[in-house]
Every structure is written in C-alpha cells, then in structure tokens.
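Here is how the chains run, residue by residue.
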Amino acid sequence: MTDYQTITAEDTVLRDGSIKLHGPDGFAGMRRAGQLAAQILDDLAPLVVPGVATRALDDFIRQAMLAAGAVPATLGYRGYTHSCCISVNHVICHGIPGEKSLKDGDIVNIDVTPLLDGWHGDTSRMYLVGDVPLKARRLVEVTYECLMLGIEQARPGNRLGDIGAAIEAHARAHRYGVVHEFCGHGVGRLFHDAPEVIHAARPGTGPLLKPGMFFTIEPMINAGRPNAKMLSDGWTAVTRDKSLSAQFEHSIGITEDGCEIFTLSPGGLHKPPY
Ligand code: MF3
Ligand code: CO
Ligand code: CO
C-alpha cells in the first residue's frame, strides 16, 4: 500500500489551486489513460448481469488495469480500498463494491480511473441489469444527454459555468434534480485538481476555458430531489428521497477549437443498451 499512499500524498501536496495548461505530451498521456479506462468499461458490459457480485466486477477492473501496466487510482486514495466505485439505483456516487449481487431491473454506474504512466483516465457509465423499467431507462438516457450537452459547451472562449448551465437546463426540462454536493474536477497528473466543475451553474460565469485545460464532466442526476445524504461508511452518497440517480463521466481536454474526449468508448458503447 505504501506506493499508493505516496500517490495520495502527492495529490494534496501538488494541488496549488491553479488550472494547469497542458501541451501535446499531456494530450498523448491522457489519450492513453483515457482509452484504457474506456476499454475497461466496454469489457464490463457483458459482465454486468443479474446475480453478479459487485466485488467480482471490482476484481475484474483491478486485474485489467494491472495487466495493462496501470494502477487503480482509487486504491488507497484517501483510505479507499477498491479499484472502482459501483453505484446502484438510489446511490448517487462512490458506492463501494462488495458481496451484494446485482438484480434484474437495477441501474448501475461503474466509475474507473486507471493511473497509466502518470496520467489519470477518469470515466464512468451507466449499465442496465436485465429488464429495466422505462422510467429508469429514461433517467439514464437524459443523464447521458446532460453530459454530452455539457461537453458541447467545452471550447475556448466559453466559461466553465456554460457547461453546468447546459446540464442544468436539460435536467430541469425533465424535472430531474442536479446533485450539487459533488463536482467534476481538473484531472491529469493529479486525480482531483482545480478547477471544480459544477453541474448546475449560471451561463457566462466561472473561469474562461483555454486550450490545454484538462477536466472531467460527471453530472449526477436524480429522478427526484437533488439532495444527497452520506452513509455511515463515509463514502456512499445516496439520494435523500430514495429516488433513482444516474451519472456519466468523461475526461476531456480543451483544444484550439473545441475539446477532445479522452475517454470515448473504443467499441461505440457510449450508453446502454450495450
Ligand atoms: N472516480 C471518482 C471521480 O469521478 C472518484 C472516486 S474517489 C474514490 O472523481 F475514492 F471514491 F474512489
Ligand atoms: Co471524476
Ligand atoms: Co470518476
């Protein structure tokens, strides 16, 4: 564990609040880490079925990362001891893998972050377990649209708040709640860096977007009220009103004329059904 603890320490020590601007080497590094992350999410699709224990999915993810020469960035991160987060139904984020099995009708977010050659590829997708009711599938679909509408705003000249504004407007139009307690974040050599990417914002606010900025966009959208509650394990965040919650996440880099999505699915498995 010592090595992982060092990574965690660096995360806090090297964070200085500035928004870093990266060059071609950074783009190349993030492309590789992001593509590994996305490939792992592709490979998980056939494994996310009724009866599978979430611990088995965590084991698969850890082995896939290690086999590719990467380390799960979550392992040892602030005391977290797993290789991914698995958030089922009313769990908003940071669900801890364990012995519990997935069941028919569940909606599940799996969030992975391989650290490959010093770069963090952070991405998550929703999976549908067996037969999922229309209402839940609708939430998943709209949450994916929220992410992509946010990404459309990610270009030089726009401000960070334009991303959250696009996400919030779409969620609101469907009477969904946008979670405020958790944000996207700068990403790169550090797992969680500046800026904070809020998913409900006013247009034209926040830092100006510039080529070379790397960050995640990872909206968490609730079928009901936006409010979150922490469970006593210190990690799991759930909806206060027990409504379903969905999330998708990409790591992106701002380019001269838009952005590059580092974590696009190599197999075209962007959203369910896969
Ligand atoms: N991958 C999550 C994110 O999108 C962070 C998980 S940290 C953990 O930022 F410790 F909970 F795994
Ligand atoms: Co993230
Ligand atoms: Co993530």
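For the protein, the helix and strand inventory stands at five helices and 17 strands. Relative to a compact globule of 274 residues, whose C-alpha radius of gyration would be 19 Å, the protein shows 17 Å and is just as compact. Counting only C-alpha atoms and orienting by the principal axes, one finds that the protein spans roughly 45 × 45 × 35 Å. Among the 274 residues that make up the protein, the fraction classed as buried is 55%. For the protein, the computed accessible surface area is about 11,600 Å², with 53% contributed by carbon and sulfur atoms. Taking the 25 positively charged and 31 negatively charged side chains of the protein as two groups, their mean positions are separated by 7 Å.

Moving on, we come to the coordination of the cobalt ion (ligand 2). For the cobalt ion (ligand 2), the full set of protein donor atoms is Asp122 (OD), His185 (NE2), Glu218 (OE) and Glu249 (OE), at a range of 2.0 to 2.2 Å. One can describe the site at the cobalt ion (ligand 2) as irregular: its six donor atoms subtend angles covering 52 to 160° at the metal. The sequence motif formed by the donor residues of the cobalt ion (ligand 2) is D-x62-H-x32-E-x30-E. Separating the cobalt ion (ligand 2) from the cobalt ion (ligand 3) is a gap of 3.3 Å, which Asp122 spans by donating to each of them. Of this pair, Asp122 sits in the loop between strand 6 (119–120) and strand 7 (123–128) while Glu218 sits in the loop between strand 11 (214–217) and strand 12 (220–222), and the two are 96 residues apart along the sequence.

The immediate surroundings of ligand 1 are formed by 14 residues, with Thr74, His185, His192, Glu218 and Glu249 found nearest. Contact distances for ligand 1 include 2.7 Å between an oxygen atom and a side-chain N or O atom of His192. Here ligand 1, which alone exposes 340 Å², has 96% of that area covered by the protein. Of the residues contributing to the shell around ligand 1, the split by class is five nonpolar, five polar and four charged.

Here we come to the pairing of strand 10 (residues 193–197). Of all five residues in strand 10, four are buried; the element is thus mostly enclosed. Alignment of strand 9 (residues 184–186) against strand 10, held across three bridges, turns out to be antiparallel. Across the sheet, residue Gly186 finds its bridge partner in strand 10, namely Asp193. Turn length for the strand 9-strand 10 hairpin, with the two strands adjacent in sequence and antiparallel, is six residues, and the turn residue Gly188 shows positive phi of about 155°.

Turning our eyes to something else, we now look at the coordination of the cobalt ion (ligand 3). Protein ligation of the cobalt ion (ligand 3) involves Asp111 (OD), Asp111 (OD), Asp122 (OD) and Glu249 (OE), the donor distances falling in the range 2.1 to 2.3 Å. Around the cobalt ion (ligand 3) sit six donor atoms, and with donor-metal-donor angles ranging over 59 to 164° the site reads as irregular. Spacing between the donor residues of the cobalt ion (ligand 3) along their common chain follows D-x10-D-x126-E. Overall, Asp111 belongs to the buried group, its relative accessible area being 13%. Classification of Asp122 by relative accessible area gives buried; the value is 2%.

Criteria and thresholds
Residues numbered from 1 in each chain as written. Chains lettered and ligands numbered in written order. Predicted model: local features only at pLDDT ≥ 70, side-chain atom pairs only at ≥ 80, totals over all residues. Heavy atoms only, no water. Helix = DSSP H or I, 4+ residues; strand = E, 2+ residues; numbered from the N terminus. Rg over C-alpha atoms; globule rule 2.2 N^0.38 Å. Buried < 20%, exposed > 50% of the residue type's maximum accessible area, 1.4 Å probe, protein only. Areas by Shrake-Rupley, 256 points an atom, 1.4 Å probe, with all protein chains shown as cover. Lys, Arg positive; Asp, Glu negative; His and termini not counted. Charge placed at Lys NZ, Arg CZ, Asp CG, Glu CD. Donors = N, O, S within 2.8 Å, 3.2 Å for Na, K, Ca; no water. Tetrahedral: all angles 85-135°; square planar, octahedral: opposite > 155°, others 65-115°. Near = heavy atom within 4 Å. Polar contact = N/O pair within 3.5 Å; in protein donor to acceptor, adjacent residues only side chain to side chain. Nonpolar A, V, L, I, M, F, W, Y, C, P; charged D, E, K, R; others polar. Pairing = 2+ DSSP bridges.

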